[in-house]
Amino acid sequence: MKQKGIGLIIVFLALAAAAATLGAADHYRVLGGPDRFYFGHVSYTEAKGDSEDPVVLREGQAGAETAVLNLPLGPGDTIRTSPSRRCEVQFDTGTVVRLDFDTELKIETVLAQSLSAPSQVSNLSLARGRVYIMYKQYDSREMFQVLTPLAAVKLNHNTVAVVRAAADGSTDAQVKSGKASVMFGPDEKTLQKQALKGGERLTLVSATQFARAAYLGGSEFELWNDEVNARFDELHKGQSALPKPIQKLPPAVFYFAQKYGNYYGEWLWDDLYGYVWRPFLDRMDYPWGWAPYFCGRWTSVGGQLYWVPEEPWGWIPYHLGIWQWDKKLGWVWLPGSLFAPAWVDWEFFYGYYGWRPYGLFDWFDGFSTGFYYMGGTWYYGHIPRTGVPGGPTVLGTVRKNQLEQPPSSLTMPTELKVAFKNVLAAYKKGDPRVVDSAKRVASETAFISRVDLNSSKLQDKALTWDKLPKISGVPPAKEATGAARTTADAARSAAQVFRVNQAVREYARGTATPGPAPKPAAVPKGPGAAQASSGAPPVAAGTSRPAAVPGAAGERATRMAGALSRPQFLDWNPDVKVARSLGVRIEYSSRANQVRCPELGLSSLDRMRSTNGFVPRLTSAGVRSEPASTVISGGSSGSASGTAGSSGVHAAATTTAAPAKESSSGGGGGGKIKN
């Protein structure tokens, strides 16, 4: 009995440990969007600012966007290289994909929840060209495949492979290390599956003709990859043990900290903040000084503005965690688990948009930076804690608990709460270090005119408050109080203006589909609202908008449709087999990053929601309920709004084959990215 009891205790502890691992399986949460919507980014590019640069085409967006460093990528995005340029993409799940010359690759889904199994489907559609993939599995549930016109190539964890979709219609899959499986065939009844291991190659001439051979190395593309890998090894030297608090953060943050943290900066311990990261900054590169969210540009993804930093290390520090100015340390990064397009506070003033890093002070109730009008002059900064004539009324004293409830709509990541409480306590006590740091915040706002918001190098055109054109005249009392102006208003307006500017530029270049002129974007109420609401961005005097080029627009629209010309049954997704037995379809929605069965009204989102502890599941007998514990989804915030891509959908199964046994592929388990 005693041994049995000990055994039960061991089993219990093992299950508890497994549950803890599964509970920590979330890679990160997305601010204002669905959980489990993960992004990639351009991590290396050969862009030179000419017509040969690699580009990204987003569904629902007419023009192409240059694939610059740190450009965000998500489901629905197509990356295209030219005959003379290459680029590299990294996903926040740990996978690296490099595109050869003249290659077109669409990110279809990333970890989309399967309808019939615990699997999560990541699809890359290779229309043409060649890709070098270093696949690193998120966890045991991920099913990762590259789809070509002739085959579906599924990769195992830690596999390095080269997949090519040739101009003659053939497909070539090579495995340098690891394992892969290739599915091909003329129809669903005569499908063939071939397993490949390191050093093997499979070439498909047609749906029925194939040949196996040894791995063919030594190509120019592979030599280029070897060179890039060698450079990565150099960057990754000197890895050191990380503080335990950093190890508990999402895998994307951990990967950055381990691979790049000590190369581009240093980890510091501070009594107020805990462990923070401070970048190394060369004065030769930034003779005027440096601040976060200054060197780079904005881009529009799913209706939101994403920051695209020029700093090579910028992807993680600008999207996960916040930047805090400190009188003692300067600018430091506090890593977090909540992904945001940009952690910034927006402003609007007489046709100028401004943004600054969002920090711990912004969660203080009563803390304020912004505009106030006094003595016939506009001021901008940390609003004094005394009543300002004609401006906002601010308390002169801080009452107990006045600052306890953050008023911001931006959710505070859990891991920042200790630092927040420490800084709050010091602020209440009047600690000069904290108070002086708070006063500095507003001076870090960068302003730019609405017509320049789309500039590729904002640091060349951004202005500080003291450089803005001076505004004369007494504004209406309501505008002077600033009561009607909010960060959300300014952020929405900036996103609308960015899209209008983008549409006008594409129309002027003749790259947009002909149609009605874009509607003028609404501007937030506040200083200068009357002057800034005059409509779409103007065209420079003496210029005209040339007619759109239908041929270019048509070709671009065809490419962005993203429907890879391949048999729809060529898919390793277990849902496809089940759907065939039911005579229904399986579709992929890039906008929502979902797998869907329209006939049965079932989607990935349904599988991620629990109703009374149960979730629906697609089976060969139809839709059935099962315990929610069988699908570790990490939850969902419901709406898919704000995600990348558009409403592009393609069918994955439309056949009515005889009933088949229910698929059992997929698996449980979880945890963080495997090494």
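Residues numbered from 1 in each chain as written. Predicted model: local features only at pLDDT ≥ 70, side-chain atom pairs only at ≥ 80, totals over all residues. Heavy atoms only, no water.

### Considerations on the overall build of the protein chain
A tally of helices and strands in the protein chain yields 14 helices and 35 strands. Considering the protein chain as a whole, with its 675 residues, one finds that 54% of them fall into the buried category. Of the contacts formed within the protein chain by residues at least 6 apart in sequence, a portion of 63% connects residues at least 24 apart. (Helix = DSSP H or I, 4+ residues; strand = E, 2+ residues; numbered from the N terminus. Buried < 20%, exposed > 50% of the residue type's maximum accessible area, 1.4 Å probe, protein only. Contact = heavy atoms within 4.5 Å.)

### Some thoughts on the pairing of strand β21 (residues 296–301)
Judged by how many residues are buried, β21 sits mostly within the fold: 6 of 6 residues are covered. Relative to strand β22 (residues 304–309), β21 is paired through 6 bridges, and the arrangement is antiparallel. Bridging across to β22, S300 finds its partner in L305. (Pairing = 2+ DSSP bridges.)

### Notes on the sheet that holds strand β25 (residues 344–349)
With antiparallel pairing, 3 strands are arranged side by side in an open sheet as β25-β26-β29. The open sheet has two free edges, formed respectively by β25 and β29 (446–449), since each of these has just one partner strand. Neighbour-to-neighbour, the strand axes of the sheet open up by a mean angle of 25°, direction not taken into account. Across 4 bridges, the pairing between strand β26 (residues 352–357) and β29 is antiparallel. (Axes fitted to C-alpha atoms, helices over the stretch in contact; angles between N-to-C directions.)

### With respect to the packing of aromatic side chains
Enumeration according to the criterion identifies 39 aromatic pairs in this entry. Centroid distance W298 to W355: 5.5 Å. Interplanar angle 85°. Geometry classified as edge-to-face. With W298 in strand β21 and W355 in strand β26, this residue pair connects regions lying 57 residues apart in the sequence. Side by side, W298 and W355 carry an identical accessibility label, which is buried. Considering the side-chain rings of F361 and F364, the 5.8 Å spacing of their centres and the 85° angle between planes classify their relative orientation as edge-to-face. The residues F361 and F364 share a single accessibility class, namely buried. (Phe/Tyr/Trp six-rings, centres within 6.5 Å; stacked < 30°, edge-to-face > 60°.)

### Details of the side chain of T171
Tracing the chain through its elements places T171 in strand β14 (residues 171–177). Under the relative-accessibility criterion, T171 is labelled buried at 3%. Reaching out from T171, the side chain makes a polar contact with the side chain of T148 at a distance of 2.8 Å. Contacts of T171, omitting those with residues within four sequence positions, involve T148, L150, A151, R164, L202, T203 and L204. (Polar contact = N/O pair within 3.5 Å; in protein donor to acceptor, adjacent residues only side chain to side chain.)

### As for the pattern of salt bridges
Under the defined criterion, the tally for this structure stands at 31 salt bridges. Here D100 ties to R86 by a salt bridge, and the two come within 2.8 Å at their closest N and O atoms. Of this pair, D100 sits in the loop between β8 (96–99) and β9 (104–113) while R86 sits in the loop between β6 (77–80) and β7 (87–91), and the two are 14 residues apart along the sequence. In this structure D100 comes out as buried when scored by relative accessible area, which is 6%. Residues joined in a network through salt bridges with shared partners are R58, E65, D77 and R297. (Salt bridge = Lys/Arg side-chain N within 4 Å of Asp/Glu carboxyl O.)

### Some thoughts on helix α7 (residues 417–428)
Here α7 is 12 residues long and its end C-alpha atoms lie 16 Å apart, about the 16 Å a rise of 1.5 Å per residue gives. All of the buried residues in α7 are A419, F420, V423, L424, A426 and Y427. One side of α7 carries all its buried residues, which in axial view fall inside an arc of 165°. For α7, exposure combined with an orientation more than 90 degrees from the buried face picks out V418 and K421. (Expected span 1.5 Å × (residues − 1). Arc of directions from axis to C-beta.)

### Some points on the pairing of strand β3 (residues 55–58)
Here β3 shows a buried face lined by V55 and L57 and a second buried face lined by V56 and R58. What sits between β3 and strand β4 (residues 65–66) in their antiparallel hairpin is a turn of 6 residues, with G60 showing a positive phi close to 85°. As judged from the 4 bridges shared by β3 and β6, these two strands associate in the antiparallel manner. In the sheet register, L57 faces β6, and the bridge partner there is T78.

### A look at the nonpolar core
Within the largest apolar cluster, 119 residues are counted, with the highest numbers of intra-cluster contacts made by W298, W343 and W355. If you look at the next biggest cluster of nonpolar residues, it comprises 19 residues, including L147, W572, A579 and L602. (Core = buried A, V, L, I, M, F, W, Y, C linked by side-chain atoms within 4.5 Å.)

### Section: the packing of α7 against helix α8 (residues 432–440)
One way to put it is that α7 packs onto α8 with a least axis distance of 8 Å and a crossing angle of 100°. As judged from the angle between their axes, α7 and α8 are roughly perpendicular. Note on element contacts: α8 touches α7 through V434, V435 and A438, opposite V423, A426 and Y427. Looking at the contact of α7 with α8 residue by residue, the class counts come to 6 nonpolar, no polar and no charged. (Parallel < 35°, antiparallel > 145°, perpendicular 65-115°, else oblique. Nonpolar A, V, L, I, M, F, W, Y, C, P; charged D, E, K, R; others polar.)

### Some remarks on the confidence of the model for the protein chain
On average, residues of the protein chain carry a pLDDT of 76, and 69% of them reach 70 or more. For the protein chain, the element scoring lowest by mean pLDDT is helix α1 (residues 2–23), at 37; strand β12 (residues 152–155) scores highest, at 98. Between residues 476–484, whose pLDDT stays under 50, and residues either more than four places distant or in other chains, the model counts 18 contacts. Note that pLDDT drops below 50 for residues 654–675; the model gives that stretch 69 contacts with residues more than four away or on any other chain. (pLDDT = per-residue confidence, 0-100.)

### Observations regarding unusual backbone geometry
Phi at Y350 is positive, roughly 45°, even though this residue is not glycine. Inspection of the secondary structure assignment puts Y350 in the loop between β25 and β26. A residue is classified by how much of its surface remains accessible, and Y350, at 14% relative accessible area, is buried. In the Ramachandran plot, N593 falls in the positive-phi region, its phi being about 55° despite a non-glycine side chain. Mapped onto the elements, N593 comes out in the loop between β30 (586–589) and β31 (594–597).

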